[in-house]
Amino acid sequence: MRRFAALLVLFAATAAANPVSQPSKLSPEWQAKTRAMFETAIEIPTVAGRGQMDEMAEYLAAQLRAGGIPADDIKIMPHEGVPGDQTVSLIARWRADKPTKKPIILLAHMDVVEAKRSDWKQDPFEFIERDGYFYGRGTSDDKQGVIATTAALLKLKAQGFKPNRDIILFFTGDEETAMNGARLGATEWLKDAGAEYALNADAGGGAYTADGKPLGFGLQTAEKIFQSYHFTVRNRGGHSSRPRPDNAIYDLAAALKKLESHRFQPMLNETTRAYFTERAKQEGDSALGKAMRAWLANPDDGAAADAVEASPLEVGTTRTRCVATMLDGGHAENALPQLAQATVNCRIMPGLDPKTVEAELERVAGPGVDVTPFPNQGRLSPVSPLRPDVVNAYTRAVQALHGNGMQVIPQMSTGATDGSWFRANGVPVYGVEGSWGISPDDERAHGLDERLPVRAMYDDVVHWEMMLRELAGGQ
């Protein structure tokens, strides 16, 4: 899952030329190589259930072997031991000759969400270049991250770069679904890799307005915790011709209405405090800016937090949020319901135990409603500290490509990526993707006619090359 950085309020900037039409700093030779890899990747339909992940992993492995990564350091990993999981993940390790630092991991995912030809203007799995854009499923989520990191690594290798630490590519095959690849990678395959941190190509990134004004790049250092619960009401039922006050569907509906109006306690962490400090500056003396400053001054000010979340751009950023997403109830049209059940999905603030949320939901729903968490969710994913080396490297790469007026702001994702599994297992993760788009026109991940500016794809390769040169510190 990837979206452009949610930094959609302009800071001081003047209109500029359309960035889509501007030339990239990537050489023509590497533009051609990147384009060829991107085309192949987009045209492999790596959708869950189609069985194409092996082809994608084999293709990338071949590119890495041809680029000089030893075959023994490239592993295609089946998700063994997971019933019904037929996908694979890819691990490749560029070993430093004389490492002086701990390894770093580069994260991205090879899978994409389904796309129907009947819905799109063109075949979603045909790579098309038109009017300064690459079109196709995965162009912005997340095959651009897979190809940009791969191309940057191959380019550095071809130039004779000698890293002072191991660089590990880890591309999963099921980020959009079960995340078994991330779980196995964090808890088994790379558990003993000794990584100092991971850089995530499925988070971060930037945006411009259509008239060329920069909207900023987000540096993702935190993700909310994903946990769903069942709200269940049981009843003895009966004949529908003889209704009673006790009714499973009505009781469930009453509980959901309480949930609708409930507000969890607002919370700030290092990432969100840094984010809202900058956002308040951007908003100036607007009502939203004043609400942000009031909340920063008093994190317990629920009214100010409510005012912040009243902005569509800030929903879910100040507190844990839970919402009903699915319903099931009754067994016959002429019978009183014996069971009514709702799925409630929560996005929990980092550091808050899902058990605590469960207890609060039980109080909200009231007696007679059973609140049960879904299994194998709710992994505690702490906020990654704002490391100066990563922050500085990301800022320098962004501003080298986009000018000193392009701002970088720490960001917490309200959704989830593979990075959450690594954070949960002690590896700090930083979303530092370098691609960008025009907001809101290019915000099409998971949607129709997904696309990415051609220049953004080529910029991304240069971006990752600069990041690795600085953070892997070679010659």
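Visitor: Any chance you could explain the pattern of salt bridges here in plain terms?
Guide: Should the charged atoms of two oppositely charged side chains come close, the side chains can pair. Tallying each qualifying case throughout the model produces 27 salt bridges. For arginine 35, the salt bridge is made with glutamate 129, and the minimal N-O distance between the two is 2.9 Å. Pair noted here: arginine 35 is in helix α1 (residues 28-42) and glutamate 129 is in strand β4 (residues 128-130), with a separation of 94 residues, a long-range link. A relative accessible area of 27% means that arginine 35 is categorised as partly exposed. For glutamate 129, a relative accessible area of 41% gives the class partly exposed. Two residues, arginine 279 and glutamate 283, come together in a salt bridge whose shortest N-O distance is 3.4 Å. Here arginine 279 pairs with glutamate 283, and both are found in helix α6 (residues 270-283), just four residues apart, close to one helical turn. Across this residue pair, the class does not change: arginine 279 and glutamate 283 are buried. Here the salt bridges do not stand alone but share partners, grouping Arg165, Glu196, Arg387 and Asp389 into one network.

Visitor: Can you help me understand the environment of alanine 115 in this one?
Guide: When you line up the elements, alanine 115 lands in the loop between β3 (104-109) and β4. Alanine 115 sits in the buried class, given a relative accessible area of 7%. Put simply, alanine 115 and histidine 446 are 331 residues apart on the chain and 8.1 Å apart in space, counted from C-alpha to C-alpha.

Visitor: Would you mind going over the pairing of strand β8 (residues 214-223) with me for this structure?
Guide: As a general feature of sheets, a regular strand has side chains that alternate between the two faces. A large share of β8 lies buried, amounting to ten of its ten residues. Where strand β7 (residues 197-208) and β8 come together, four bridges link them in antiparallel fashion. Pairing of glycine 205 across the sheet is with glycine 218, part of β8. Here β7 folds back onto β8 in antiparallel fashion, the turn holding five residues, of which glycine 212 has a positive phi close to 90°. Relative to strand β15 (residues 408-413), β8 runs parallel, the two being bridged by six bridges. Each residue of the ladder has a partner; that of leucine 219, found in β15, is proline 410.

Visitor: When you look at the sheet that holds strand β5 (residues 133-135) in this model, what are you seeing that I'm missing?
Guide: The strands making up a sheet are joined through hydrogen bonds of the backbone, oriented either antiparallel or parallel. The strand order across the open sheet formed by three strands is β4-β5-β17, and the pairing between neighbours is antiparallel. Either end of the sheet is taken by a strand with one partner, and the two such strands are β4 and β17 (451-453). Between one strand axis and the next, the sheet turns through 25° on average, direction left out of account. Summarising the sheet, β5 and β17 pair through three bridges and their orientation is antiparallel. By the bridge assignment, tyrosine 135 is partnered in β17 with arginine 451. Along the sheet, helix α12 (residues 454-471) contacts β4, β5 and β17; its crossing angle with β17, the most-contacted strand, is approximately 70°.

Visitor: Quick question: what am I supposed to make of the state of the cysteines here?
Guide: Simply put, disulfide is the name for a covalent bond between the sulfur atoms of two cysteines. Per the stated rule, a full pass over the model turns up one disulfide. Disulfide pairing places cysteine 322 opposite cysteine 346 at an S-S distance of 2.0 Å. Torsion about the S-S bond of the cysteine 322 and cysteine 346 cystine: about 115°, corresponding to right-handed handedness. Here cysteine 346 lies in strand β13 (residues 339-348) and cysteine 322 lies in strand β11 (residues 321-329), a separation of 24 residues in the sequence. Note on accessibility: cysteine 322 and cysteine 346 belong to one class, buried.

Visitor: Please clarify how the sheet that holds β11 should be interpreted in this entry.
Guide: The strand order across the open sheet formed by four strands is β11-β13-β9-β14, and the pairing between neighbours is antiparallel. Edge strands, defined here as strands with exactly one partner in the open sheet, are β11 and β14 (370-373). Ignoring which end each strand starts from, the neighbouring axes of this sheet average 25° apart. The pairing of strand β9 (residues 225-234) with β13 spans ten bridges and is antiparallel. Its bridge partner lying in β13, phenylalanine 231 is registered against alanine 342. Seen against the sheet, helix α9 (residues 354-365) touches β9, β11, β13 and β14 and runs at an angle of roughly 30° to β9.

How each quantity is defined
- Residues numbered from 1 in each chain as written.
- Predicted model: local features only at pLDDT ≥ 70, side-chain atom pairs only at ≥ 80, totals over all residues.
- Heavy atoms only, no water.
- Salt bridge = Lys/Arg side-chain N within 4 Å of Asp/Glu carboxyl O.
- Helix = DSSP H or I, 4+ residues; strand = E, 2+ residues; numbered from the N terminus.
- Buried < 20%, exposed > 50% of the residue type's maximum accessible area, 1.4 Å probe, protein only.
- Pairing = 2+ DSSP bridges.
- Axes fitted to C-alpha atoms, helices over the stretch in contact; angles between N-to-C directions.
- Contact = heavy atoms within 4.5 Å.
- Disulfide = S-S within 2.5 Å.

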